[in-house]
Amino acid sequence: LNLAADCNAVLKALQPIFQEQGMTETVHNWEDHGYLATYIKKNGSFANLRIHPHGLVLVDLQSYNDHIKGREEVDQLLNKVEERMKELFHGNIKRVKRLPAILRGGVIDRYWPTADGRLVEYDIDEVVYDEDSPFQNIKILHSKQFGNILILSGDVNLAESDLAYTKAIMGSGKEDYTGKEVLILGGGDGGILYEIVKLKPKMVTMVEISFYKWAIIHFHIFQTAFLLYMRKTCGDVLDNLKGECYQVLIEDCIPVLKRYAKEGRMFDYVINDLTAVPISTSPEEDSTWEFLRLILDLSMKVLKQDGKYFTQGNCINLTDALTLYEEQLSRLYCPVEFSKETVCVPSYMELWVFYTIWKKQTDI
């Protein structure tokens, strides 16, 4: 409202609407803090009417309706509340906002958080796959817009629509991979490997730490999920661990990086798809930051002097975490430079930051 609310007047105006529905009323009055009225129907449906003296009126309605008629009854009740408020306050209503219904307890979970903590409702119409490995829950849900979406332990990971993510973490089409040596860290969905193999590299080595764990304990879960339901993303590259110009190592990537550094093996491109930049802004207290810095240092040791390192950052709204990540780049064993790009990844429903990092050229 544009003015202070007469709590008693609002309550009396709206009471008949709920009473017509056969709902019993309980009213709480907190004097200077307004009213709370609860209306309960015999079928268990209930409404909370909260009236704040400063002019905010909230109506919360919860009901079990699995049919169109029930939803129509809810809409009719809310329409009557809205009309009565307009009659009561005429031109003194600042804003009326009706939120769509949140569906709780359904077979299909449509609600998933973004990286910056916003709740998004997806157009999920089918649970394609849902299994637990010893390390995480693996879900594949079907979206009308985005195709199959991979969700790992509640985190939206990648959808069939998200070629933009794969392209961005490969350099957004600006790089020539022909005849090049490429190292992929992570990338267990196979999308990066599938796209790079098309570009005729000399050799691509993919090391997947998660792959390693699944291979020992529950690898068939991974195979079933991706090879049956994410073919548009991975193609046929995960059918075999070796191909004409690629190999997949089922090992922990840290020992592999240390071994390559000791052997002096170098790569034209290193692509880190292990994890996003941590949301935590306390790197001294977060083991994920320590892991990230270790991967960065080891990757620089196996990156050619003119090579490039690609990785994802995080949501563009997480400015503090992204700034902290950029500060870490100044602490590596060798000086580096970087650029960043913001890309819209369809199923994330938020802008995502990607980094390109290279060794700083020193004057001779």
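About the criteria used
Residues numbered from 1 in each chain as written. Predicted model: local features only at pLDDT ≥ 70, side-chain atom pairs only at ≥ 80, totals over all residues. Heavy atoms only, no water. Domains from an automatic or database assignment. Core = buried A, V, L, I, M, F, W, Y, C linked by side-chain atoms within 4.5 Å. Buried < 20%, exposed > 50% of the residue type's maximum accessible area, 1.4 Å probe, protein only. Helix = DSSP H or I, 4+ residues; strand = E, 2+ residues; numbered from the N terminus. Contact = heavy atoms within 4.5 Å. Pairing = 2+ DSSP bridges. Axes fitted to C-alpha atoms, helices over the stretch in contact; angles between N-to-C directions. 1 Å grid on protein atoms, 1.4 Å probe; cavity = no way out; pocket = protein on both sides within 12 Å on 5 of 7 lines; lining within 4 Å. Points joined across faces, edges and corners; volume = space filled by probe spheres on them. Nonpolar A, V, L, I, M, F, W, Y, C, P; charged D, E, K, R; others polar.

Let us look at the domain arrangement of the chain. Domain annotation for the chain reports domain 1 (7-89) and domain 2 (161-359). The distance between the C-alpha centroids of domain 1 and domain 2 comes to 53 Å.

If you look at the biggest cluster of nonpolar residues, it comprises 72 residues, and the most contacted ones within it are Leu183, Ile196, Ile271, Tyr309, Tyr325 and Ile357. Sorting elements by how many residues they give to this core places helix 8 (residues 287-302) first, with seven residues. Not counting residues up to four positions away in its chain, the partners in contact with leucine 183 are Thr205, Val207, Leu257, Tyr260, Phe267, Tyr269, Val270, Ile271 and Val302. Within the second largest apolar cluster, 21 residues are counted, among which are Ala5, Leu11, Ile51 and Leu77.

Strands sit in the order 7-8-9-10 across an open sheet of four strands; the sheet is antiparallel. The sheet is open, and its two borders are formed by strand 7 (124-132) and strand 10 (155-159), each paired with just one other strand. The mean angle between the axes of side-by-side strands here comes to 25 degrees, regardless of whether they run parallel or antiparallel. Across four bridges, the pairing between strand 9 (residues 147-152) and strand 10 is antiparallel. Its bridge partner being in strand 10, isoleucine 151 is matched across the sheet by valine 156.

Here we come to the layout of surface pockets. Computed from the structure, the largest pocket encloses a volume of approximately 1800 Å³. Looking at the largest pocket, it is lined by 44 residues, and the ones nearest its centre are Val59, Leu78, Leu99, Pro100 and Ala101. Those elements that provide at least two residues to the lining of the largest pocket are strand 4 (57-62), helix 2 (68-89) and strand 6 (119-121). The element that contributes the greatest number of residues to the lining of the largest pocket is helix 2, accounting for seven residues. Per-class residue counts for the lining of the largest pocket are 25 nonpolar, seven polar and twelve charged.

On to unusual backbone geometry, then. Residues other than glycine seldom take positive phi values, yet histidine 90 does so here, at roughly 50 degrees. Its place among the elements puts histidine 90 in the loop between helix 2 and strand 5 (111-113). In this structure, lysine 200 is a non-glycine residue whose phi angle is positive, near 60 degrees. Along the chain, lysine 200 turns up in the loop between helix 4 (191-197) and strand 12 (203-207).

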